Structure formats: C-alpha cells, structure tokens
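Now for the letters of each chain:
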Amino acid sequence: MSEQPLFSFRNSWFATSVGVTAAIAVLAALAGLIWLPLAQPDLKLSGIWDAICSAAGVPRVSSQGNAIQPDFKTSNVVMTSEMLTKPNQVSIGRGATLAQRCAICHGPQGVSDANSPNLAGQFAAVTYKELNDFKTGARVNVVMSPFAATMSDQDMLDVAAYYAYLPRVPSNNLDPKVAAPAIVTIGAPMRNVPPCGACHGDIDNKAGSPWLGGQSAVYIKAQLHAFASGSRRNDISQQMRNIARQMTSEEIDQVAHYYEAQP
Amino acid sequence: MLTNKRLILAHFWLAFIVFGAALVLGAWQMFVRSPLNAWHFNPEFYYRSVTAHGSAMGYVFPTLVAMGFGYAITESALEKPLIGRRWAWAGFFLVAIGAVVAMIPVSLGLASVLYTFYPPMVGNPFYYIGVVMVVVGSWIWVALMSINMAIWKRENPDKPVPLAMFANVAGSYLWGWTAVGAALEIIFQILPVALGLRSTIDAGLARVFFSWTLHAIVYFWLIPTYIAYYTIFPRAIGGRLYSDAMARISFILFVVVAMPIGVHHLFADPQVGAGFKFMHSVFTGLVALPTLLTVFTICASAEIASRLRGGHGAFGWITALPWQNPIMLATALSLVMLGFGGAGGLINMSYQLDASIHNTQWITGHFHLIFGGAIVIMYFAIAYDLWPHLTGRALESFGLMRTQLWLWFIGMIVTTFPWHYVGILGMPRRMAFYDYANPAISPQAFSVVMSAVGGFILLLSGALFLTVLIRGQWADNSEAGSYRFAIPLHMPARIPAALNSFGLWLALMIGLTVVNYGYPIAQLMVLKETNVPAVYVGAGR
C-alpha cells in the first residue's frame with residue numbers, strides 16, 4: 001500500500017516501533033539486572049558484573065567450609081526401595097545363630113511382651129538400618145548401642161535377613177474391631193501430616209518405613225515422643241520428627257493403640 | 001459469503017460439546033472440595049477431573065472456537081471461499097482425534113498431571129501425544145489463515161486487509177509462536193521420559209518452556225473475544241467502530257508484547273534469575289495497553305451507536321443502548337468481568353504483591369474470571385451472532401439468551417469473587433481436600449460453599465446455552481443474509497504498510513522472545529545438575 005519500504009529507518013512506523021521496543025527492553029534490563037540488585041545491600045555484590053550475574057541467575061558454588069556441622073551423628077544408611085529385598089538362605093541361617101543374643105528382649109521367635117519391638121517379619125532394610133544407626137551412634141539406646149557396637153556389617157545384614165524371614169505372629173492385643181483413626185487414613189493435611197498408612201503399610205509401604213502392626217503401644221508412643229522432642233533423630237530428612245512434632249498427644253495415643261491391635 | 005458452513009459448524013459444535021462436558025466436571029470439582037461434601041471420595045478422581053477439565057477448556061475448546069471463527073472470518077471478510085478446505089478438515093480431525101487420544105489415559109487415571117503438565121510428574125505418553133495432535137491440528141489453521149490472507153493481498157493490492165481478517169491472522173501468528181514453548185517441552189523433555197527413554201527431567205527448564213506458552217495462550221483465547229468487540233459489537237447495536245487504526249494497533253500490540261512475559265508465572269521459581277523476572281514484569285505491564293485501548297474504543301463505539309439512537313447527556317446515552325440485544329448485554333458483562341479480572345491480574349504481575357497470593361485460589365479465581373468470564377461469554381455472543389448464518393435458521397429465543405448470559409455473569413462472579421477472597425486468606429490451589437474442621441481454615445468454609453453455588457449457576461447457564469443452539473437447529477428456515485462486520489466511522493482508504501502486514505511485528509515478537517527467554521533457557525540447557533528423577537503418575541496401580 002505504502003510506497004516507502006517497511007523495513008527501513010526512514011519509515012516512521014519501523015523506526016518508532018523498533019526504537020520504543022528496544023528502549024523499553026534496554027531500560028528494563030538496566031533496571032532489573034543492574035540497578036535493582038545493586039540497590040539491595042543484603043546481596044553484597046562486588047560490582048556491576050557481579051550484579052548482572054546475580055540477577056541473571058548464574059548459579060554460584062557456595063563455600064562448604066564454614067557450614068555449621070550438627071553436634072550429633074546422622075544416619076549414613078542410603079535407603080533404596082530395592083534394598084535387601086532378595087533374601088539369601090546362608091545369611092538367614094547365620095542370622096538365626098546371631099539372633100540368639102537378641103531373644104531375651106525380642107523373643108525367641110521375634111515376638112515378645114517386653115514392650116521392645118517385635119521383629120518377626122519386619123522388613124530387612126528396616127532392621128539393618130536401625131542396627132547400623134545404633135552402631136554409628138545416630139540412634140542411641142542404653143541396651144541396644146553396646147550390642148550393635150561389636151556387630152560387623154555382615155552380622156547386621158544376617159540378623160536383618162533372619163527376622164525378615166520369620167513369619168509375623170499376631171500379637172496378644174490383636175483386636176480387628178479397633179477402627180483406624182483419621183490420622184492413619186487421611187493424616188492432617190493442614191498440619192502437613194501425611195496419613196501414617198501411606199508409608200507404614202495400610203495404604204502403601206515406603207522404603208525404610210517399618211511395619212507397625214502388632215508393635216507394642218508403649219514402644220510406639222515412646223518413639224513418637226522421642227521424635228517430637230528431638231531425642232531420637234535418625235529418621236531420614238527429619239520425616240518422622242516433622243510429623244511427630246505436629247501430632248497431638250491424643251493422636252499419638254490413638255495411633256499407638258490402633259497399631260498394637262493390628263496383625 | 002459463508003460457503004464451508006459444515007466445516008465451521010463442525011468446529012463450533014465439537015467445541016461446545018467439549019465445553020459442556022468439561023463444565024460438568026468443573027461443577028463436580030467445586031462440589032467435592034467444598035464443605036458441602038463429606039470426605040468420602042478418592043482424591044485421585046479429583047486430579048483426574050482437574051486434568052480433564054483443564055485440558056478440555058484450555059486446549060480443545062478455545063482452539064476449536066478460534067479455528068471455526070477464523071474460517072468464518074476468512075470467508076465472510078475476504079468474500080471468497082476458504083483456500084485449503086481439505087487441509088482445514090484434516091486439522092479439525094487432528095484436533096478431534098487428539099482430544100480423544102489425550103482423554104483416554106486421563107480418564108483411566110494414567111495421566112493425572114493437570115493440564116499444565118507439572119514435570120517431574122510424568123503420565124502416560126498418549127496424553128502428551130494427544131495434546132501435540134491438538135496443537136499440530138491448530139497449526140494447520142495458522143498456516144491456512146496466513147495463506148488465505150497472502151493470496152487475498154496479492155489479488156487486492158490496493159485494499160487494506162479487512163480488520164476482522166487482520167485480527168484473526170494476528171491471533172493465529174500469536175498462537176503459532178506461543179505454542180512452540182509447550183511443544184518443545186513435550187517433545188524434547190516430557191515424551192522421552194514418558195516413553196521410558198530417560199528417567200530424569202529438568203523440571204525447571206520445562207516450567208520455563210511452559211511459561212512461554214502459558215501466558216500468551218490466554219491472549220490467543222482472548223483474540224476471538226476482541227474480534228467480536230471490534231467487528232461484531234458495533235454492527236450488532238447499530239453503530240460504527242470508533243477507530244479502525246486503533247483496533248489494528250491493539251492487535252499488533254498483542255502480537256508483540258503478549259509473548260515475552262510468561263516468567264511472571266515463575267516468580268516463586270528458583271531457576272530463573274530475579275533480573276529476568278523483573279524484565280518480564282515490565283512487559284506484562286505493557287500488555288495492559290492494548291486492553292485499555294480496546295476498552296476506550298469499544299465504549300466510544302457504543303456511544304456512537306447510542307447517540308445515533310437519540311441518546312444524549314454525559315452518561316444518559318448509556319440508557320439509550322439496546323440492552324435487549326444479547327450482543328450488547330454480553331459485551332457489557334464481558335467488559336465488567338475483564339475489568340475485575342484485569343485489576344486482579346495487576347496484582348499477579350507485580351513481583352512483590354504476587355508473593356501474597358502466589359499459588360492460592362486467588363489465581364484460580366483470576367483466570368476463571370478472565371477466561372471463563374470475559375472471554376467465554378463473548379464466545380456465546382459469537383455463536384448467537386453467527387448461528388443463523390451457519391444453519392440458515394433464525395435464533396429467536398432472545399429472552400433465553402439474555403437469561404443465559406446473565407446467569408453466566410452472575411455464576412462467574414459468585415464463583416470467582418469468593419475464590420479471590422479465600423486466596424488472600426491463604427487457601428492453596430490444586431488441592432483435593434481442605435480440613436474445614438480446622439479452626440485455622442474454618443472461616444473459609446462459607447466462601448467455598450458460595451463459589452460452589454456459583455459453579456452450579458454456571459452449569460445451568462451452560463445447559464441453557466446448548467439449549468438455545470439445539471433449538472436453533474430445529475427452527476424454521478430463514479435467510480439471514482450475508483455475514484457482515486462492523487464498519488469503522490472513517491473507512492480507511494489508504495493504510496500504512498505497517499498496519500496492513502505482520503513482518504515487522506513478528507520480527508519484534510521473536511526478537512523480544514530471544515531477549516527475554518534466551519538466557520534463562522540457554523543456562524538451564526547447559527547446566528547438567530538441574531535434572532531430577534521423574535515421578536511417574538499412575539504407575540504401580
């Protein structure tokens with residue numbers, strides 16, 4: 001239509017639109033990449049180039065040297081969903097012999113009324129991790145820590161395999177009539193508490209979460225309170241500490257009695 | 001001169017059938033997550049439903065409306081039959097088949113990833129393949145619009161491209177370019193993982209690519225609405241368009257600045273630098289400009305119509321407008337919703353204010369008010385206006401149309417205002433369950449019930465809309481005449497080349513995309529540490 005070529009700075013439409021667009025882009029870049037970062041004292045920038053890199057989102061390696069180390073041991077067990085899921089007969093046999101010394105508290109068949117955990121049928125990865133944490137000091141218990149201190153890695157694997165091999169025996173407190181409390185089935189979403197059953201077996205099982213059915217209510221309560229107070233801290237990424245801190249003591253009671261009554 | 005009426009009707013009917021189904025899902029979602037429903041459903045169904053609702057309403061429904069309306073504009077504005085009729089049908093069937101291919105895994109619960117995909121969640125590959133088919137089908141439309149305009153311009157070298165066609169092609173180019181972001185995300189990032197070729201995905205990069213699509217897609221949805229404002233509304237109320245050039249500048253501004261602004265969806269994302277967030281925020285502010293131009297031009301056009309009808313006074317002319325006319329009513333209600341939605345949008349685009357409402361129900365309220373409200377109500381108006389020309393049968397139930405439009409407006413306000421409010425209270429979105437018994441959130445319960453009621457009003461309005469159209473299919477034959485668009489107050493005899501072509505504007509659009517997206521994308525592509533393990537949805541069930 002117009003005789004003047006469009007792509008030419010003599011065409012006022014071209015000159016104006018390109019000029020205005022470029023001006024806005026340049027001003028926005030100057031403000032966003034230089035002026036605004038430099039205006040923030042918290043960023044502690046060393047110059048214009050530093051400001052540009054910071055605002056453009058160039059990743060920086062932060063120095064690890066002055067990170068604060070925790071004053072307690074953390075678990076060094078790397079948990080995967082495949083871990084210790086393929087039992088080995090020799091290992092189970094050795095574990096049976098080694099487990100003789102565990103029987104006084106955990107029962108000859110992995111079940112006891114001593115309010116210590118029932119280990120029969122427990123996932124091997126769970127038993128192994130706890131033994132390992134007792135050995136490294138990530139979890140501390142006056143009775144268990146000395147036992148674990150002398151166990152080799154193979155010993156722990158064998159004991160874990162043996163208890164996983166034993167059949168689960170219903171506890172003396174089995175009562176299928178106990179209804180699942182809300183915290184087990186739906187959790188408390190507004191407090192960031194997922195349902196217990198989502199990891200501990202009723203709905204799904206996640207690697208590293210123990211089977212809780214038939215465990216002593218006294219033991220479950222003691223552990224939840226220990227997680228809540230922070231005296232037990234070998235849970236991966238604080239999962240259980242975060243949950244237990246958000247639970248009410250009524251909920252802890254309900255959970256303990258519910259799981260004790262389960263097979 | 002509409003010759004391919006079956007093609008256009010097929011697009012509209014499929015669009016409205018999909019819309020009706022998705023509307024039912026929407027109302028159900030409103031109900032199950034409100035206090036009206038006791039907690040006794042599987043939350044997975046909620047996410048399944050949200051995925052289906054979003055995919056249908058976001059990808060299928062507006063795309064089909066834009067395509068069908070685009071074909072109607074091509075034939076009636078250019079006054080010649082569409083070139084590439086077979087290709088148009090091929091595009092239609094690609095969209096239709098793609099919609100089915102995508103919806104099967106969603107309804108089976110194998111792709112409950114929501115329509116925004118949300119990597120590292122990865123669903124069944126057929127969901128993504130279906131979405132790609134929908135997009136490819138619409139790209140055929142983009143090409144056809146461009147070809148039809150180019151051939152017409154060659155045949156009519158001395159005439160300006162009719163405004164409706166110019167705007168239509170603007171919308172098609174905008175969509176053609178903005179869909180590239182999601183296409184790159186799906187084809188190069190998600191599909192290899194969904195097909196099992198890779199097990200990790202750069203979720204941050206995927207989100208950047210999606211933001212490329214996610215914001216400008218709204219303007220693609222908006223373009224048919226704006227075309228209706230500029231080219232249907234003034235004619236329907238017996239007036240003239242205030243300014244043809246202003247209209248062209250508005251559509252051009254959408255093409256240039258609607259695209260490089262999507263990072264304002266990522267204000268809370270760590271993978272994009274604050275400087276780029278600021279730049280996108282600046283350009284998001286600019287995109288208010290074409291809307292302000294439009295509101296001015298449309299109100300001026302309404303005033304012209306009113307004064308022609310004898311309206312007088314500074315504000316008295318408003319009462320002289322033909323309020324009985326459904327197009328008048330729809331446009332007015334649409335502008336009101338656009339005003340509220342736009343005001344909320346200014347909060348979203350501001351880096352600081354966004355922090356208070358980011359990822360809350362405020363956002364859901366905002367985009368339902370803009371898209372479901374301001375945009376979709378004009379889709380109804382377009383259908384009401386175009387239907388007699390497509391079916392050769394008059395739509396006579398004007399009372400029903402007005403009731404439908406009012407119900408849609410009321411329903412949308414009742415749905416979205418409480419949503420905005422609970423968003424300020426901090427209610428997160430995308431959740432199936434809210435514990436209203438909790439004292440901290442029990443004050444939100446009433447507002448959520450209100451918005452659920454609004455959802456049911458919308459469902460009723462949607463049913464009325466389909467009733468009007470179905471009744472129209474059985475009405476008596478009547479010749480509606482040729483389909484016309486509004487005439488501007490001053491018909492341009494000559495027009496600058498810049499306002500009659502897209503080369504310059506497409507160059508600016510692509511240039512701004514490179515400036516605003518180039519570095520964030522390049523950096524994430526180079527960094528290897530940004531990959532995370534994929535989370536397969538529906539696996540192991």
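Before any of the text, the structure's been laid out above.
A few points on the structure.

Cut-offs and rules
- Numbers given to residues run from 1 along each chain, matching the order in which its sequence is written.
- Chain labels run from A onward and ligand labels from 1 onward, assigned in the order the entries are written.
- The predicted nature of this model means local features are confined to residues of pLDDT at least 70 and side-chain atom pairs, given and counted, to a pLDDT of 80 or more, with totals for whole chains, interfaces and linings taken over all residues.
- As a rule here, side-chain values cover all heavy atoms of the structure and leave hydrogens and water aside.
- We count a stretch as a helix when DSSP gives it H or I for four or more residues in a row; a strand needs E for two or more, and each element gets its number in order from the N terminus.
- Both definitions apply: the radius of gyration is a C-alpha atom measure, and the globule rule equals 2.2 Å times residues to the power 0.38.
- Partly exposed residues are those whose accessible area sits between 20% and 50% of the maximum for their type, while under 20% is buried and over 50% is exposed, using a 1.4 Å probe and protein chains only.
- When checking whether two residues touch, look at their non-hydrogen atoms; a contact exists if any pair is within 4.5 Å.
- Once two parts are brought into contact, the accessible area they lose, counted with a 1.4 Å probe and summed over both, makes up the buried area.
- Think of a salt bridge as a Lys or Arg side-chain nitrogen and an Asp or Glu carboxyl oxygen that are within 4 Å of each other.
- Identification of polar contacts relies on pairs of N or O atoms within 3.5 Å, with a donor-acceptor requirement for protein atoms, meaning one able to donate a hydrogen and the other able to accept it, and with residues adjacent in sequence counted only if both atoms are side-chain atoms.
- Gly is put with the polar residues, along with every residue not named as nonpolar or charged; the nonpolar set is Ala, Val, Leu, Ile, Met, Phe, Trp, Tyr, Cys and Pro, and the charged set is Asp, Glu, Lys and Arg.
- Only the six-membered ring of Trp is used, alongside the rings of Phe and Tyr, when aromatic pairs are assigned; centres must lie within 6.5 Å, and planes under 30 degrees apart are stacked while those over 60 apart are edge-to-face, with the rest tilted.
- For a Lys NZ or an Arg CZ to count as sitting over a ring, it must be within 6 Å of the ring centre and within 35 degrees of the ring normal.

Regarding the overall build of chain A
Then, in step 1: Scanning chain A for helices and strands turns up 12 helices and 0 strands.
Then, in step 2: Put simply, chain A runs from its N terminus to its C terminus through helices and strands in the order α-α-α-α-α-α-α-α-α-α-α-α.
Then, in step 3: Over its C-alpha atoms chain A spans a radius of gyration of 30 Å, topping by over 25% the 18 Å that the globule rule assigns to 263 residues.
Then, in step 4: For chain A, buried positions account for 39% of its 263 residues.

Regarding the interface of chain A and chain B
One widely used convention gives an interface's size as the accessible area the parts lose upon coming together.
Then, in step 1: Residue-level contacts link 26 residues of chain A with 38 residues of chain B.
Then, in step 2: Summing the contributions of chain A and of chain B, the shared interface buries around 2,600 Å²; its carbon and sulfur component is 80%.
Then, in step 3: Between chain A and chain B we count 0 salt bridges in total.
Then, in step 4: Where chain A packs against chain B, one counts 3 residue pairs in polar contact (both at pLDDT 80 or more).
Then, in step 5: For the side of chain A that touches chain B, the secondary-structure elements that each account for two or more residues are α1 (12-38) and α2 (48-56) of chain A.
Then, in step 6: Looking at the side of chain A that touches chain B element by element, the count peaks at 13 residues for α1 of chain A.
Then, in step 7: By residue class, the composition of the side of chain A that touches chain B is 20 nonpolar, 5 polar and 1 charged.

Focus on the packing of aromatic side chains
Then, in step 1: Applying the stated criterion across every chain, the model contains 46 aromatic pairs over all chains.
Then, in step 2: With centroids separated by 5.8 Å and ring planes inclined at 15°, the aromatic side chains of Phe276 of chain B and Tyr519 of chain B adopt a geometry described as stacked. Linking Phe276 of chain B in helix α8 (residues 274-286) with Tyr519 of chain B in helix α15 (residues 503-526), this pair joins segments that are 243 residues apart in sequence.
Then, in step 3: Among the residues examined, Phe276 of chain B registers a relative accessible area of 6% and is labelled buried.
Then, in step 4: Joined through ring pairs, the aromatic side chains of Phe12, Trp13, Phe16, Phe19, Phe61, Tyr379, Phe380, Tyr384, Trp387, Trp408 and Phe465 of chain B make up one cluster.
Then, in step 5: The ring of Phe72 of chain A has Arg233 of chain A sitting right over it, with the charged end atom 3.8 Å from the ring centre.
Then, in step 6: Above the ring of Phe166 of chain B, the side-chain terminus of Arg248 of chain B is found at 5.2 Å from the ring centroid.

Quick notes on unusual backbone geometry
Then, in step 1: A cis amide bond links Pro119 of chain B with the next residue in sequence, Pro120 of chain B, at an omega value of 10°.
Then, in step 2: With respect to the secondary-structure elements, Pro120 of chain B resides in the loop between α3 (85-107) and β1 (121-122).
Then, in step 3: A positive phi angle is found at Ser237 of chain A, which is not glycine, with a value near 55°.
Then, in step 4: Within the fold, Ser237 of chain A resides in the loop between α10 (217-229) and α11 (239-246).
Then, in step 5: Residue class for Ser237 of chain A comes out exposed when judged on its relative accessible area of 65%.
Then, in step 6: Even without being glycine, Leu114 of chain B reaches a positive phi, approximately 65°.
Then, in step 7: In this structure, Leu114 of chain B sits in the loop between α3 and β1.

A few points about the pattern of salt bridges
Where charged atoms from two side chains of opposite charge approach closely, those side chains can pair.
Residue and element names in this part refer to chain A.
Then, in step 1: A complete count under the given rule lists 15 salt bridges over all chains for this structure.
Then, in step 2: Among the salt bridges present, the one from Asp133 reaches Lys129, with a minimum N-O distance of 2.7 Å. Here Asp133 pairs with Lys129, and both are found in helix α5 (residues 124-136), just 4 residues apart, close to one helical turn. Considered together, Asp133 and Lys129 belong to a single accessibility category, that of buried residues.
Then, in step 3: As a salt-bridge pair, Arg232 and Glu130 come within 3.2 Å of each other at their nearest N and O atoms. Separated by 102 residues along the polypeptide, Arg232 in the loop between α10 and α11 and Glu130 in helix α5 bring together distant segments of the chain. As far as burial versus exposure is concerned, Arg232 and Glu130 are alike and both buried.

Points about the side chain of Ser209 of chain A
All names here are of chain A.
Then, in step 1: Along the chain, the position of Ser209 falls in the loop between α9 (197-200) and α10.
Then, in step 2: Accessibility expressed as a relative area gives 10% for Ser209, which makes it buried.
Then, in step 3: Here Ser209 is in contact with Phe123, Val126, Cys199 and His200, once residues within four sequence places are set aside.

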